[in-house]
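# Structural overview
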Amino acid sequence: MQLSSNVQIACGGVGDKPLGVLISDPGQSSSSPEMIRAFRTPHFPAMSRSTLSSFVLNVIGNVTPILVAVVALPVITHFAGTERLGFLGLAWTLIGYLGLLDLGLSRVVMRRVAQAGTAEQLAVERDTVWRIGLVLCGFSAAVVAVIAAVAPLHWFTGRSIAPSLVQEASTALLIVLATLPFSIVTGVLRGVLDGRQWFGISNALKVVFGSLTYLAPMLVAIWVPTLPALVGAIAVARILALAAHVAMAARALPAMAGVGRGVVRFGELFSEGGWLTVTGVVSPLMVSFDRFAVASLVSLSAAAYYIVPQDMVLRLLVLPVALAGTVFPMMARAHGAGDSGRHHDLGRHSFYAALALSLPMCIALAVLAQPLLRIWMGADFARESTNVAAVFAIGLLTNCVAQVPYSSIQAAGRADLTGKLHLVEFPLYMAVMFAMTLHWGLLGAAAAWTLRTTADCFALLWIAHRGGFMRDTRREASVLALAVTQTVLAALLPAFASGALRVLLGGVLVVLAMAAMWRWGRASVLWSVR
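All of the points below concern the structure found in this document.

### Some words on the nonpolar core
Core analysis: the largest hydrophobic core is formed by 138 residues, its most contacted members being Val-192, Tyr-306, Phe-351, Leu-355, Met-433 and Leu-480. The element contributing the most residues to this core is helix 15 (residues 379-411), with 17 residues. Setting aside its immediate chain neighbours within four residues, Phe-351 contacts Val-401, Val-404, Leu-461, Glu-476 and Leu-480.

Below, the structure is given as structure tokens:
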């Protein structure tokens, strides 16, 4: 996401600006009443209308499908059963992970379109985008054909699947694979809309079709609760999504007579997407590998008890991801202009903003996991998933905060560093995940996932410091360690407190977290301008 050049960033430590992170119109005087009020209290970013609206639209686009899922998943479980829900969870994971088949070109397209400043340049990009779409469609179709031909069903479901579901799952898997090329091309076309900063249209489509991903199988489950029918409903939604994105992308990149035909240098495009592809391959695999490990090493039913709380946790990344998406182009612009001070300050303030957004949320999730799951999925489901959700809450905290150093590193054009880190992490994570899942089942898998996200966050902070993309991050690492300790205490509360006492102690932890964030955030800002 990129901002207009009419947006100015005033950040603590940049020039003689006061403390805090403020995004304002350049025509606004720093002595105006709005500016004075903004700096009287140590709150987090006050954004210009365009930036705030983009942030809100991104949040809405990601939150709405979550709310729909909250309603849809219990209905699917009731009518189709836990094992079918477990297969759907694996299908959603497979669709998301094989998005890596875009070879990093979705992000390349977004950057190229954003930099196209004239009608002629947009016409050239129109031709390039259509050719990229055709190449990726053919490439992804070939890959999924190979997968369908050589991959046995138990690779996806494990060997414990009920015999009565084997034929259903085989047919449903073929449907999932057949629709993957549509999802790949849709992602590229979404890059066009985001590159043009058509966030309203982009997020409207995300709301509609992201919601249909859950609503369609929910409605079908009531009448035909079979896996081919459930997955077929999702496939129809994917095809409709592609058609809608084609129509909108054609509007975003209008044709121009005599312009747009030329040689597309795919070598340059693939080179640019190289390390992005490495991260795109390894990172989602580390996020989703544990689900398949649970299905294979424990059972498909256990996968449902694991996937539902994990999916709930991952959806809560929406706010820090939206924050990172907002500051990423600002960091990139500051780095490109050689203003390392502003780049560093954006990273520092964004770190505390991400921590303030996530810590109270994670503590509340750890404390309230059992009643939330009981209300949402039922008492039996909550009994199996509560402890898993509490462990996930710890990993969620570090995953939220990691968005900031990750964005800071890539804003400096060093996607190779994050890619290399993930290449080192992956085999270690696989070994730990297998061992802990075999010995401790669902809790072992959740603990391995949390250990990986925590190590990843601290490693990213170290890399950001060593690479000069953030100032000395030892203070941030210490603050994060204390925040992780608070979340661990919240996750352990059910072991020695119950009922009202647990809620009371959890509330105390939340209040302490809010107070700590206020103090740490203010102290770091005061320190940064000395």
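### Quick look at a nonpolar patch on the surface
A contiguous nonpolar patch, built from Phe-79, Leu-219, Ile-222, Trp-223 and Val-224 and spanning about 530 Å² of accessible area, is present on the exposed surface. Per-element accounting of the nonpolar patch gives the leading share, 3 residues, to helix 8 (residues 199-223). The topology assignment puts Leu-219 in helix 8. What makes Leu-219 partly exposed here is its relative accessible area of 47%.

### Description of the environment of Ala-204
Note that Ala-204 resides in helix 8. Classification of Ala-204 by relative accessible area gives partly exposed; the value is 40%. Along the backbone, Ala-204 and Asn-58 are 146 residues apart, and their C-alpha atoms lie at a distance of 9.8 Å.

### Quick word on helix 7 (residues 166-195)
Note on helix geometry: an α-helix contains 3.6 residues per turn, so any two residues three or four positions apart are oriented the same way. Taking 1.5 Å of rise per residue, 30 residues should cover 44 Å, and helix 7 covers 43 Å from first to last C-alpha, within 8% of that figure. Of all 30 residues in helix 7, 21 are buried; the element is thus mostly enclosed. Two residues or fewer after helix 7 comes Gln-197, characterised by a positive phi angle close to 65°.

Thresholds applied
- Residues numbered from 1 in each chain as written.
- Predicted model: local features only at pLDDT ≥ 70, side-chain atom pairs only at ≥ 80, totals over all residues.
- Heavy atoms only, no water.
- Core = buried A, V, L, I, M, F, W, Y, C linked by side-chain atoms within 4.5 Å.
- Buried < 20%, exposed > 50% of the residue type's maximum accessible area, 1.4 Å probe, protein only.
- Helix = DSSP H or I, 4+ residues; strand = E, 2+ residues; numbered from the N terminus.
- Contact = heavy atoms within 4.5 Å.
- Patch = residues over 30% accessible without salt bridge, like charges linked within 9 Å, V, L, I, M, F, W, Y side chains within 5 Å.
- Areas by Shrake-Rupley, 256 points an atom, 1.4 Å probe, with all protein chains shown as cover.
- Salt bridge = Lys/Arg side-chain N within 4 Å of Asp/Glu carboxyl O.
- Expected span 1.5 Å × (residues − 1).

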